[in-house]
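# Examination of the molecular architecture
Spelled out from the first residue to the last, the chains are:
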Amino acid sequence: MSDHDPNCLFCKIISGQIPSRKVYEDDELFAFHDIHPWAPVHFLLVPKRHIPSMAQLTPQDVGLMGRMMVLAPQLAAEAGCNPYPDGGFRMVCNTGTEGGQEVHHLHVHVMGGARPWQRG
Ligand code: 5GP
Ligand code: ZN
């Protein structure tokens, strides 16, 4: 599997070929605000490496996915989600067509902020 898919929307966002509102970047992870937010805070956290979905994960990805899980609460707080337990956030990782996935580059939605939300 190549690290970058030239036809992938999120690979183009990560490389800066398509603009986005960046939330976070390090050597292996990238986060940016969703273009159609469901909630007052709604960003997408993605690996920089092109992994189509959770279905392609291997044991080698345990560290990467662990880092995403640990980073998400920190970024959620920085992006304006209210503190746990009255605040909090929702994480959603759609996988495959029946799982509701539209963009086939693994991503975790992180949504939060005061309700009501548009969806979710
Ligand atoms: P999925 O349905 O694959 O889980 O979610 C894809 C998400 O990507 C959707 O929430 C959609 O609004 C978001 N999205 C699609 N195209 C763009 C784009 O060009 N820029 C940004 N920032 N988000 C996008
Ligand atoms: Zn990609």
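Residues numbered from 1 in each chain as written. Chains lettered and ligands numbered in written order. Predicted model: local features only at pLDDT ≥ 70, side-chain atom pairs only at ≥ 80, totals over all residues. Heavy atoms only, no water.

### Details of the side chain of Asp-34
Let me state the cut-off plainly: Secondary structure elements are defined from DSSP: runs of H or I of at least 4 residues count as helices, runs of E of at least 2 residues count as strands, and each element is numbered from the N terminus. A simple rule labels every residue: compare its accessible area, found with a 1.4 Å probe on the protein chains alone, to the largest value its type can have, and call it buried under 20%, exposed over 50%, or partly exposed in between. Charge convention: Lys and Arg are scored as positive, Asp and Glu as negative, and His as well as the terminal groups of each chain are ignored. Think of a salt bridge as a Lys or Arg side-chain nitrogen and an Asp or Glu carboxyl oxygen that are within 4 Å of each other. Here a polar contact is taken to be a pair of N or O atoms separated by no more than 3.5 Å, where protein atoms must pair a possible hydrogen donor with a possible acceptor and residues adjacent in sequence count only if both atoms sit in side chains.
Structurally, the position occupied by Asp-34 is in the loop between β2 (29-33) and β3 (41-47). Arg-119 provides the closest opposite charge to the buried, unpaired Asp-34, separated from it by 8.3 Å. Only 2.8 Å separates the side chain of Asp-34 from the backbone nitrogen of His-36, close enough to count as a polar contact.

### Some thoughts on the site of ligand 1
Condition: Put simply, a residue is near a molecule or strand once any heavy atom of it comes within 4 Å of that molecule or strand. Throughout, the Shrake-Rupley method with a 1.4 Å probe supplies accessible areas, and for residues the shown protein chains are the sole cover considered. Think of a 1 Å grid over the protein atoms and nothing else: a 1.4 Å probe that fits but is trapped marks a cavity, an open set flanked by protein within 12 Å on at least five of seven lines marks a pocket, and residues with an atom within 4 Å of a point count as lining. Any molecule with more than half of its atoms within 2 Å of a cavity's or pocket's grid points is regarded as sitting in that cavity or pocket. By the convention adopted, Pro, Cys, Tyr, Trp, Phe, Met, Ile, Leu, Val and Ala count as nonpolar, Lys, Arg, Asp and Glu as charged, and the other residues, Gly among them, as polar.
Taken together, 16 residues lie around ligand 1, and Asp-34, Asn-94, Glu-102, His-107 and His-109 are the ones closest in. Interatomic distance of 2.8 Å between a side-chain N/O atom of Asn-94 and an oxygen atom of ligand 1. One of the backbone nitrogen or oxygen atoms of Val-103 is found 2.9 Å away from an oxygen atom of ligand 1. Look at ligand 1: alone it shows 520 Å² of surface, and the protein chains cover 84% of it. More than half of the atoms belonging to ligand 1 lie within 2 Å of the grid points that define the largest pocket. By residue number, the principal contributor to the shell around ligand 1 is helix α1 (residues 9-15), which donates three residues. Per-class residue counts for the shell around ligand 1 are seven nonpolar, seven polar and two charged.

### A closer look at the environment of Val-41
Along the polypeptide, Val-41 turns up in strand β3. Val-41 gets classed as buried once you look at its relative accessible area, which sits at 5%. For the pair Val-41 and Gly-120, spaced 79 residues apart in sequence, the C-alpha to C-alpha distance is 12 Å.

### Quick notes on helix α2 (residues 62-79)
Going by this rule: Expected helix span is taken as 1.5 Å per residue step, with the number of steps being one fewer than the number of residues. Think of it this way: the bend at a residue is just the angle between two axes, each fitted to seven residues, one set ending at that residue and the other starting at it. In this analysis, two residues are considered to be in contact whenever any of their non-hydrogen atoms come within 4.5 Å of each other.
For α2, with 18 residues, the first-to-last C-alpha span of 25 Å sits near the 26 Å given by 1.5 Å per residue. Of all the bends in α2, the greatest reaches close to 30 degrees and is centred on Leu-71; the proline Pro-73 follows between one and four positions later. Regarding α2, the residues found buried are Leu-64, Met-65, Met-68, Leu-71, Ala-72, Leu-75 and Ala-76. Lining the buried residues of α2 we find β1 (22-25), β2, β3, β4 (89-92) and β5 (108-112). Downstream of α2 by a residue or two, Gly-80 has a phi angle that is positive, lying close to 115 degrees.

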